[in-house]
Amino acid sequence: MSRMSAPAAAIVHTRRALTFLLDLLYPPRCGGCGKYGEGWWCAACNGQTQWLNVRDSQTALELPSGESLTVISAAKFAPPLREGIHRFKYDGQPQLAEAFAAYMSAIGKANSLSADAIVPVPLHATRLRERGFNQSLLLARYVSVTAGSLVEVRALRRVRPTQQQAHLGATARKENVRDAFAALPELVEGRALMLVDDILTTGATLVECANVLYRAGARRVIALTLARA
Ligand SMILES: [Zn+2]
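Residues numbered from 1 in each chain as written. Predicted model: local features only at pLDDT ≥ 70, side-chain atom pairs only at ≥ 80, totals over all residues.

Student: Help me get a handle on the pairing of strand E3 (residues 117–120), residues and values and all.
Tutor: With 2 bridges connecting them, E3 and strand E4 (residues 150–151) associate as parallel partners. Directly across from Ile 118, in E4, lies its bridge partner Val 151. Note that E3 and strand E7 (residues 192–200) share 4 bridges and pair parallel. Its bridge partner being in E7, Ile 118 is matched across the sheet by Met 194. (Pairing = 2+ DSSP bridges. Helix = DSSP H or I, 4+ residues; strand = E, 2+ residues; numbered from the N terminus.)

What follows is the structure, given as structure tokens:
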């Protein structure tokens, strides 16, 4: 702090003061149990979350090309994380992204994950307007801070609206996301990419995204999710 320039120090102090005021006005509420005053993910909920160790964190999915897509997940999709993800996505608690992404970064680091760029699974414009934010992009932004790789928001886009995967069975999920994505080759070609999504269920979405990225020239694709069903 002592070597910081006066304007930089002023910014840091102003930010701290703002955070302090915001916490007073809107005290952080745990996304799992709803308790106030212990941050967005409290110690009790953290203790109950079924975090995965390195060996259990990996899932191999088969791509249409026969290649394998490795997905690393931080935790099992079970209470209280299930409630936390629901609040994060549907009840307007995007602040949970920072807490959740820290666990994703940790399991990614434990798996020695590296990438030239991070690609969040995109939402269609219609869904984005409904929700107001893309949960995968928020997670990707926080993961990128620790991973040191840039987020390429435009590398992948959803070219047609799809139904919510949560309401569909395995076969219907594949159909639902088929040809739903397009990649921008100039952001993809020759690069090692890390897909980021909130939940791995059947993997239909991640398989489709990875497939599109490989077809656009990606050198390598891996995926990182917060939870695995
Ligand atoms: Zn809690």
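Having put the structure on the table, let's press on.
Student: Got a sec to walk through the nonpolar core? Specific residues and values, please.
Tutor: Leu 139, Met 194, Leu 195, Ala 210 and Leu 213 are the most contacted members of the largest nonpolar core, which totals 59 residues. Tallying contributions element by element places helix H9 (residues 204–215) first for this core, with 8 residues. (Core = buried A, V, L, I, M, F, W, Y, C linked by C-beta atoms within 7 Å. Buried ≥ 20, exposed ≤ 12 C-beta atoms within 10 Å, placed from the backbone.)

Student: Tell me what's going on with helix H6 (residues 135–147), and back it up with residues and numbers.
Tutor: Over its 13 residues, H6 runs 18 Å from end to end, which matches the ideal 18 Å to within 8%, given 1.5 Å per residue. Considered for burial, the residues of H6 that qualify are Gln 135, Ser 136, Leu 138, Leu 139, Ala 140, Val 143, Ser 144 and Ala 147. The secondary structure elements touched by the buried residues of H6 are helix H3 (81–90), helix H4 (96–110), E3, E4, E7 and strand E8 (220–228). Backbone geometry just after H6 places Gly 148 at a positive phi near 75°. (Expected span 1.5 Å × (residues − 1). Contact = placed C-beta atoms within 7 Å.)

Student: Any details on unusual backbone geometry? Residues and values, ideally.
Tutor: For residues besides glycine, phi is generally negative; the peptide bonds are generally trans as well. Cis geometry is found at the peptide bond from Pro 79 to Pro 80, where omega equals -5°. Residue placement: Pro 80 occurs in the loop between strand E2 (68–76) and H3. The backbone of Ser 112 sits at a positive phi, close to 55°, despite the residue not being glycine. Mapped onto the secondary structure, Ser 112 falls in the loop between H4 and E3. Of note in the backbone geometry, Asp 179 takes a positive phi value of approximately 55° without being a glycine. With respect to the element layout, Asp 179 can be found in the loop between helix H7 (170–177) and strand E6 (181–183).

Student: Quick rundown of the pairing of strand E1 (residues 58–62)? Include the residues and the values.
Tutor: Relative to E2, E1 runs antiparallel, the two being bridged by 5 bridges. Across the sheet, the residue bridging to Ala 60 is Thr 70, located in E2. Hairpin connection between E1 and E2: a loop of 5 residues separates the two successive antiparallel strands, and Gly 66 in this loop has a positive phi of roughly 95°.

Student: Quick rundown of the packing of H4 against H6? Include the residues and the values.
Tutor: The geometry of H4 relative to H6 is characterised by a closest axis approach of 8 Å and an angle of 50° between their N-to-C directions. For the element pair H4 / H6, the angle class is oblique. Relative to H6, the crossing made by H4 is right-handed. On the side of H4, the interface is formed by Ala 97, Glu 98, Phe 100, Ala 101, Met 104, Ser 105 and Gly 108, while H6 contributes Leu 138, Leu 139, Tyr 142, Val 143, Thr 146 and Ala 147. For the contact of H4 with H6, the residue count by class is 9 nonpolar, 3 polar and 1 charged. (Axes fitted to C-alpha atoms, helices over the stretch in contact; angles between N-to-C directions. Parallel < 35°, antiparallel > 145°, perpendicular 65-115°, else oblique. Left-handed = near helix turned anticlockwise from the far one by under 90°. Nonpolar A, V, L, I, M, F, W, Y, C, P; charged D, E, K, R; others polar.)

Student: Break down the environment of Tyr 142 for me, citing the residues and quoting the values.
Tutor: As for its placement among the helices and strands, Tyr 142 is situated in helix H6. With 19 C-beta atoms counted inside 10 Å, the residue Tyr 142 sits in the partly exposed group. Between the alpha carbons of Tyr 142 and Leu 63 there is a distance of 28 Å; along the sequence they are 79 residues apart.

Student: Talk me through H4; I want residue IDs and the actual numbers.
Tutor: Between its first and last C-alpha, H4 extends 22 Å over 15 residues, near the 21 Å set by a 1.5 Å rise per residue. Among all positions in H4, only Leu 96, Ala 97, Ala 99, Phe 100, Ala 101, Met 104, Ser 105, Ile 107 and Gly 108 are buried. Its buried side turned inward, H4 meets E2, H3, H6 and E8. In the stretch just after H4, Ser 112 is the one whose phi turns positive, near 55°.

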